[in-house]
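Chain residues, written in single-letter form:
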Amino acid sequence: MLYIKCPYCGLRAQKEFSYGGDATVKRPNINEEVSSEDWDNFVYMRKSPRGKHIELWQHIAGCRQWIKVQRDTATHEIFQTAKVTEEIR
Amino acid sequence: MSQPFRLNKEGLINRNKKISFTFNGKKLFGYEGDTIASALIANGIHLVGRSFKYHRPRGFFGAGVEEPNAKLQVEFNGHSEPNVNATEMELVEGLSATSQNCWPSVNFDVGAINNFLKMFFPAGFYYKTFMWPKSFWYKIYEPFIRKAAGLGVASIEKDKERYEHKFEYCDLLVTGSGPSGLASAYAAAKNGAKVILAEDKPRFGGTLLTDDVSIDNLSGKDWAEKIITELKSMPNVTVKNRSQVFGYYDHNMLVMFERVSDHLEKKSKFTPRQRLWYIRAKETILSTGSIERPIVFGNNDTPGIFLSAAAKEYMKVYGVLVGKKPLIFTNNDSAYETALEFKKNNVEPIILDTREEHSSELIDEAKSKGIDIRFSHGVIVANGYKKVKSAKIGKLNKDKNSFEKIETVDCDCICVSGFWTPSVHLASQSGNKLKYEEKIDAFIPDKKKQHETSVGAANGSFTLEESLKHGFENGSNLSAKITETKTEISIPNVNEKKYGAHDKFWCMPLPKNENPKRFVDFQNDVSVSDIEIALREGYRSIEHVKRYTTLGMATDQGRTSNLNGLQLVSNIENKIVPEVGHTTFRPPFTPITIGTIVGREVGMEYMPTRKTPMHEWHEKNNAVFVDAGAWKRPRYYKLGSETLFEASKREAKNVRENVGICDVTTLGKIDIKGPDAAEFLNRVYTNAWMKLPVGKARYGLMLREDGIVMDDGTTTRISENHYHMTTTTAQAANVLSHLEYYLQIVWPELNVNVVSTTEQWAGAAIAGPKSRDMLSKLYPDLDVSNEALPFMSYKEAEFFGVPSRIFRISFSGELAYEINVKSDHGMFMWEKMMEVGKDFGNQPYGTEALSTLRIEMGHVAGPELDGRTIPSDVSLNGLVSKKKDFIGKNSLGREAFNVESRQKIVGLIPIDRKSSIPEGSHIVQDQNAKLPNPKLGHVSSSCWSVENNNPFSLAIMKDGKNMIGKKFFAVSPLKNKSIEVEVISSHYVDPEGKRVRS
């Protein structure tokens, strides 16, 4: 079971969190024209890297905040966690 | 009542307390502190089971977790457990043990015929033989093979015992209380670290209990006791015996299995039987020690053949002799300690040492005590069927591939030692890639992947001095990093015997013209020849060899067989062991009970139960409940001997004719506040929200970004910046997360807060033509006329002195209202409604009637919004704004969503107006068409229309609207039904929606 550091609550067990996919995907702006290619990329296309991956998790059984987690998809090592308003480098 | 093999004084058992038990029906006794194994051996019993495949007689081989043979069916404390390790299970009064895998008895086992047919049972025998005819496998071959092979029998009784889960955090977890573990725990504890020390056995100390050593002028055992006593007195230390750390998972989480009370005669009602610990450790010390490995020789599985350290443990810990005429067969010095222990107890052993004559501290001591030592000798084959009687021994030639001077010597036990294998299971589970250590012919941990450090024998250090030093150093350094305190500890003086080098010899050659089985893996009956066959047949990867031959599988996980198996493969393949590699170590290290894994999560505690505030009333009034997520909802209220069908028809009919009330508390409710709330709703829902006035409700539809309908519900504007959203019961949690996602990540600039208020409000729907009359009696001071409280409006008013919210919304399609009060007032509200409703013919209705009402109105719900439909599929395109943007809008333009023949919602009625159409039926043109019959759609919801008194269904059908008036078949192979149906509009009742506005 992973041990995830919520930037608001501290280290908590994985079972308090729910996974939310790739955190680097950016939704096209509302009320702005978007090409169907850009839209399809946003809705469907995801990379599935082996190694470092920045992903979203929600602390559903805690503060309910969505957070960013940089995790190795092969070893499950977590390098960094951040608020969604912060950047992970 | 005498125990012929019990020594007079030796051992750590309590001779003042006799414990009686039975074995295969025979009454026996042992002492407190005995295991089943030690008590049986004391009574001279060695034959305890039959082997897996050949049904060969088997006895004890080890003295603990390494035991491959002695698995018994044990009954105690009122339950029966299979595959209990006799060498681990402590004796309790009244325990009854029986042998497994034998019929009619362990002494006379019919299955043993397999042993004489063994040439017909090579590796892969089952795969090769029972191939044909194919249909025989499930019905004949497999059940028969399963009956013939296999271990114990699981109980079919309900397990009445209590099992617990515990979560724990510590700075340092130490797994094993041998010398290196004790030293690590002690050093870390002195640095102020929070330490957990786990020991699998009942007694602490590991090898200190059996080895002839001294530390700081104390015997090993006394030193261990001193350290443990001190550790137990420290508040920052938890010391646990009978606790096996069996799994090493991600992020330094370890799982431990504690046998809390199986050894107790009496326990309190609340004492669990076993406990599962989830331990999150900052650092882990793996002091799991090592396990002796056997030397392979002919008939080496005969009862009476033991690992040499086990024989010593039986003497030193239990005061039991495994035999009175022992042969010690070894390739190293450690077995000499066993020989000396025999000698000390006035038993004359013969040592067969595969090494050439040489000298070492132990060899010299054995010689000086007059022990018969034969160098360059080995056991060729053991004689005796149910117990070893003698052994054919011989002198090995220089190359050790043949022997001379063959003779037979009488013996009643053979104690074998092929050197030591570090227990690297936990290290390997943690992700540590092991490395092969030539010096000890075994794998040891390599680079760390997690915060784990192996010390002592688990790391390949086989001297006490080194183990203690590593233990103290690592315990101190690892904990100092955490506590930032370092207490100096002087490493104690050690007195131990120095071992000479071992012989890299592990398997005796076969004698000429004889072919006795030489077992590598006892538990699975895998012999040298089986592995040879596997390689001959082309299996190369050690993982494949393992699966084909079953080497190293089953409950003992190959603890005594893995390395010998690897040696054999590498010899045949002309490789070195590290090239062959090792198989994967997986948790659990030892078998654990299903009860422990499950813990308290059984029966009612399997998952949380959500009950509405009116639950008790429903119960008292014969509600039959249905699960809606974790909620319990009344499905129908049973009157007399009514069936579900009759009751739901009655309830629905009453709503159409009079008035009914329904508990709608379970609907998801989300409170939305903030100056940008309207803008937010406008983006979340497909329809327009900017102009909804205060005091009005609106039906809304939300999509996923891919255009699929996610949820629907009504949202009401309570005040300028305050909205009350409802969701379906099933989607409540998902919708909240969805809203939070957009507010926190996508549009953080919107000033809006959302919070779930599902539990804060109790809700009741009042539906039916008489609902307004009833409402006027519930709110005598309120104008409830159609003008004052029109469809989709909202009012706040006191409900008999209690604040309440009135929503004029309808799911049933009838004139209807929903009343919300604070949860605490829910029961009050419900009872008042029942009281006042009497005059109007009010009856409560459940989810089944609720479904009937919405289906015949053509209102969609979960079965239609199934994650595959877009708004136009379910006739909700009127709610999709063309003017504004919203979540999922861009996807609605996709080509596939806009083809003319796309699936659409329709209604179905059976031609005979009688046959109910099963939900899930496929709609086909021709019921007799050749398979696969083209599917035109499926039936999503079915009911008995109370309005028209015939069955009615909703279906999602290709080219739906254009099919109206046509006839098809609804086919359900599951129900074995085929019903001719006519396609009609999905709005079967009141298509104009007059009633809700009346």
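An account of the accompanying structure is given in this report.

What counts and how
Residues numbered from 1 in each chain as written. Chains lettered and ligands numbered in written order. Predicted model: local features only at pLDDT ≥ 70, side-chain atom pairs only at ≥ 80, totals over all residues. Heavy atoms only, no water. Phe/Tyr/Trp six-rings, centres within 6.5 Å; stacked < 30°, edge-to-face > 60°. Helix = DSSP H or I, 4+ residues; strand = E, 2+ residues; numbered from the N terminus. Buried < 20%, exposed > 50% of the residue type's maximum accessible area, 1.4 Å probe, protein only. Lys NZ or Arg CZ within 6 Å of the ring centre and 35° of its normal. Pairing = 2+ DSSP bridges. Axes fitted to C-alpha atoms, helices over the stretch in contact; angles between N-to-C directions. Contact = heavy atoms within 4.5 Å.

Examining the packing of aromatic side chains
For step 1, the next point in the chain: In the structure shown here, the tally under the stated rule is 26 aromatic pairs over all chains.
For step 2, the next point in the chain: Ring centres of tyrosine 19 of chain A and tryptophan 57 of chain A lie 5.3 Å apart, and the angle between their planes is 75°; this geometry places the pair in the edge-to-face category. Placement of tyrosine 19 of chain A in strand 3 (residues 18-22) and of tryptophan 57 of chain A in strand 4 (residues 52-58) is noted, with a sequence separation of 38 residues between them.
For step 3, the next point in the chain: On the numbers, 5.6 Å between centres and 70° between planes, the contact of tyrosine 779 of chain B with phenylalanine 799 of chain B is edge-to-face. Note that tyrosine 779 of chain B is positioned in the loop between helix 21 (771-778) and strand 41 (794-799) and phenylalanine 799 of chain B in strand 41, a separation of 20 residues in sequence. For the pair tyrosine 779 of chain B and phenylalanine 799 of chain B, one class covers both residues: buried.
For step 4, the next point in the chain: Three or more aromatic residues joined by ring pairs make a cluster, and in this case those are Trp66 of chain A together with Tyr741, Tyr742 and Trp747 of chain B.
For step 5, the next point in the chain: The ring centre of phenylalanine 897 of chain B lies 4.9 Å from the NZ or CZ of arginine 894 of chain B, which sits over that ring.

Focus: the sheet that holds strand 19 (residues 350-353) of chain B
All names here are of chain B.
For step 1, the next point in the chain: With respect to topology, 5 strands assemble into an open sheet ordered 17-24-18-19-20, the strand pairing being parallel. Each having just a single partner strand, strand 17 (305-307) and strand 20 (372-375) make up the two edges of the open sheet. Strand-to-strand twist across the sheet, computed as the mean angle between neighbouring axes with direction ignored, equals 20°.
For step 2, the next point in the chain: Examined bridge by bridge, strand 18 (residues 326-330) and strand 24 (residues 413-417) share 5 bridges and lie parallel to one another. Residue pairing in the sheet places leucine 327 in a bridge with isoleucine 414 of strand 24.
For step 3, the next point in the chain: Sitting on the sheet, helix 8 (residues 334-344) is in contact with strand 18, strand 19, strand 20 and strand 24, with an inclination near 165° to strand 18.
For step 4, the next point in the chain: Its contacts with the sheet put helix 9 (residues 361-368) on strand 19 and strand 20, and the angle it makes with strand 20 is roughly 135°.

Section: the pairing of strand 24 of chain B
Residues and elements named next belong to chain B.
For step 1, the next point in the chain: Burial analysis of strand 24 places 5 of its 5 residues in the buried class, which makes it a mostly covered element.
For step 2, the next point in the chain: With 3 bridges joining them, strand 17 and strand 24 adopt parallel strand pairing. Bridge pairing in strand 24 links phenylalanine 306 to cysteine 415.

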